[in-house]
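Below are the chains, spelled out letter by letter.
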Amino acid sequence: MPTVPRGPVATRLRLTTLRAAISWRRRFAGALTGLVVLPLLTAGLRQLGDALSLPSQMLLYLLAVVVVALVGGLLPALTAAVAAAALLAYYFIPPDNFAVADLNDVVALVAFVLVAGAVSSLVGQAARRAQEAETLATVIAASREELRWLADEQAALRRVATLVARGVPAAEVFAAVAQEVGSVLGADATTILRLEPDGASTVLTRVGDPPEEFPVGSRWTLEPPLPVAVTLRTGQPARLDDFSQTTGDYSARLLRNGIRSGISAPIVVEGRLWGAIAVGARHGRLPADTEQRMAGFTELVATAMANADSRAQLTASRARIVAAADATRRRIGRDLHDGTQQRLVSLGLELRVAHATVPSELPELRAQISEIANELTGAIEELREIARGIHPAILSEGGLGAALRTLARRTAIPVEVDIRTDTRPADRIEVAAYYVASEALTNTTKHANAATAHVTVEQRDTLLRLSIRDDGVGGADPTRGSGLVGLRDRVQALGGTIEVSSPPGAGTTILVELPLQPD
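Residues numbered from 1 in each chain as written. Predicted model: local features only at pLDDT ≥ 70, side-chain atom pairs only at ≥ 80, totals over all residues. Heavy atoms only, no water.

Across its full length, the protein holds 12 helices and 11 strands. The buried share of the protein, reckoned over its 519 residues, is 42%. Pairs at least 24 apart in sequence give 65% of the contacts found in the protein among residues at least 6 apart. Total accessible area on the protein is roughly 27,500 Å²; 58% of this is exposed by carbon and sulfur atoms. (Helix = DSSP H or I, 4+ residues; strand = E, 2+ residues; numbered from the N terminus. Buried < 20%, exposed > 50% of the residue type's maximum accessible area, 1.4 Å probe, protein only. Contact = heavy atoms within 4.5 Å. Areas by Shrake-Rupley, 256 points an atom, 1.4 Å probe, with all protein chains shown as cover.)

Strands in a sheet are paired, the pairing made by backbone hydrogen bonds, and the direction either parallel or antiparallel. Taken together, five strands build an open sheet; the order of strands is β7-β8-β9-β11-β10 and the sheet is mixed. A single partner strand is all that each edge strand has here, and the edge strands are β7 (415-419) and β10 (497-501). Strand-to-strand twist of the sheet, defined as the mean angle between neighbouring strand axes without regard to direction, takes the value 10°. Two strands pair when backbone bridges link them, and strand β9 (residues 463-470) and strand β11 (residues 509-515) are joined in this way by seven bridges, in the antiparallel orientation. Residue pairing for β11: Leu463 is matched across the bridge by Pro515. (Pairing = 2+ DSSP bridges. Axes fitted to C-alpha atoms, helices over the stretch in contact; angles between N-to-C directions.)

As a further point, take the packing of helix α2 (residues 54-72) against helix α3 (residues 74-91). Relative to each other, α2 and α3 sit at 160°, their axes nearing to 8 Å. Classified by the angle between their axes, α2 and α3 sit roughly antiparallel to one another. Two packed elements cross with a definite hand, and for α2 against α3 that hand is right-handed. Residues Leu54, Gln57, Met58, Tyr61, Val65, Val68, Ala69 and Gly72 of α2 pack against Leu74, Pro76, Ala77, Ala80, Ala81, Ala84, Leu87 and Leu88 of α3. Broken down by class, the residue content of the contact of α2 with α3 amounts to 14 nonpolar, two polar and no charged. (Parallel < 35°, antiparallel > 145°, perpendicular 65-115°, else oblique. Left-handed = near helix turned anticlockwise from the far one by under 90°. Nonpolar A, V, L, I, M, F, W, Y, C, P; charged D, E, K, R; others polar.)

To continue, consider α2. Along an α-helix, residues three or four positions apart point the same way, because every turn accommodates 3.6 residues. Across its 19 residues, α2 extends 27 Å between first and last C-alpha, which sits within 8% of the 27 Å expected from 1.5 Å per residue. Along α2, the positions that sit buried rather than exposed are Gln57, Met58, Tyr61, Leu62, Ala64, Val65, Val66, Val68, Ala69 and Gly72. (Expected span 1.5 Å × (residues − 1).)

Further remarks concern the sheet that holds strand β3 (residues 219-220). Taken in spatial order, the six strands make up an open sheet running β3-β2-β1-β6-β5-β4, and their pairing is antiparallel. A single partner strand is all that each edge strand has here, and the edge strands are β3 and β4 (238-240).

Time to look at the side chain of Asn257. Position of Asn257 among the secondary structure elements: in the loop between α7 (249-256) and β5 (261-269). The buried category is assigned to Asn257, whose relative accessible area is 15%. A polar side-chain atom of Asn257 sits 3.4 Å from a polar atom in the side chain of Glu213. Not counting residues within four places of it along the chain, the set of residues in contact with Asn257 comprises Asp209, Pro210, Glu213 and Arg282. (Polar contact = N/O pair within 3.5 Å; in protein donor to acceptor, adjacent residues only side chain to side chain.)

On the surface, Trp24, Phe28, Leu32, Leu35, Val36 and Leu40 cluster together to form a nonpolar patch covering roughly 710 Å² of accessible area. Checked against the element boundaries, Val36 lands in helix α1 (residues 7-48). (Patch = residues over 30% accessible without salt bridge, like charges linked within 9 Å, V, L, I, M, F, W, Y side chains within 5 Å. Salt bridge = Lys/Arg side-chain N within 4 Å of Asp/Glu carboxyl O.)

This part is about the packing of aromatic side chains. Taken as a whole, this structure holds four aromatic pairs when the rule is applied. On the numbers, 5.2 Å between centres and 80° between planes, the contact of Trp220 with Tyr250 is edge-to-face. With Trp220 in strand β3 and Tyr250 in helix α7, this residue pair connects regions lying 30 residues apart in the sequence. Here Tyr250 falls in the buried class, since its relative accessible area comes to 5%. Of the aromatic side chains, those joined through ring pairs into one cluster are Phe214, Trp220 and Tyr250. (Phe/Tyr/Trp six-rings, centres within 6.5 Å; stacked < 30°, edge-to-face > 60°.)

Moving on, we come to the confidence of the model for the protein. Looking at the protein as a whole, its pLDDT mean stands at 76, while 72% of the residues score no less than 70. In the model, residues 1-15 has pLDDT below 50 throughout and makes 32 contacts with residues more than four positions away in sequence or in other chains. (pLDDT = per-residue confidence, 0-100.)

Below, the structure written as structure tokens:
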């Protein structure tokens, strides 16, 4: 790809430079034309002798001057006109040796020079304008090509920026950047490497060479003058136009695959040198502005990595919060079951014993004790419901399947439970799945006006897939105060996804996918 300056200032400079170069070359060519044409014409006319009159000879010399004007412009043409007048006077106007005696001959020579000058001026201007038009056309063509390159570059940057904005995995961003950089810059190979704490480099993606030469994940110790080694040491762009003097296995593989020159640019993430992008060429050298054009792509990679790091930190933070909340729920449930609930049960038994020992002549007291015992029994049942809502003991003891079946039996509408896996996921995953099902069935009972509901649990590769659907009225909006908002946060904190489909009149389906073993 040729090197093309950028911008309107560069375009004007390019036009001026071309004009200057063309003007100098035209003058030289015009002078050379005069030195060749005039002697040849003079020799030919002398061979003809008196066959041609002086006006005819002048006309032929005038044509020669016009030729010089067409080739070299006004200045060489004026010089040729003066030389032609001298040649006419010396060889064709007697007496010889410039002894012009006839005033008419002098007037004729002066007129010849003036006419030749005027014609040369007109011809030179026309030739110059034609040449400038050609020059301008060349510049316009180059500018159009530059605009096309710029448009391609901006389109490539937009495509990568879209991937970054969507938060796609970093590996997908790396692959896209490598492809786009190679295409836009005309590089034969593109590599993205990450700088490791020990100074080594890890290949994250590479295009343009066989995968076995530079496998993704391979570690390399790179040494200058290899451009990427210089960049990873200095944090600055680097260029090398001849790889023949580089050493090491990495360089040997580059040379084996025909890479002869290259450029690298740093990737800086939040002020820290994170890695580099390197491009290589098999033939010739890369354009002079390649480093600047790579900057936009390195910034997008840096943004993608910063975003990924922020998302990872946010996910880890949310996961810690969920884990802490689950641990608190479990502790409160255990305390209620083993502490408060047991004390209330013991108190109820004591009331029953006291009821049995009250003398028959105190019926009012017996009735009061019986009423208190019944109220206490109701309170114990309510406490058990609260404890199950906080953290069902059966979830820890019997697993997700047993907990969901118990949940189905307690639901006010018929619920069909289908467990299609024997694999027990991590505790956090079981808790999240249980609470999604519990919240969904609660909403179904309260709002869906459904006759039945179905809960399905299955394993797909490394994912636990949970589906809750009903045959209710549909129209549920999970963004409007529903408990599903909190469940979405819980699921996403564990690296899962949750989808709610609730078209009016067609029931509601909640689909959750969770990793069996979260990070």
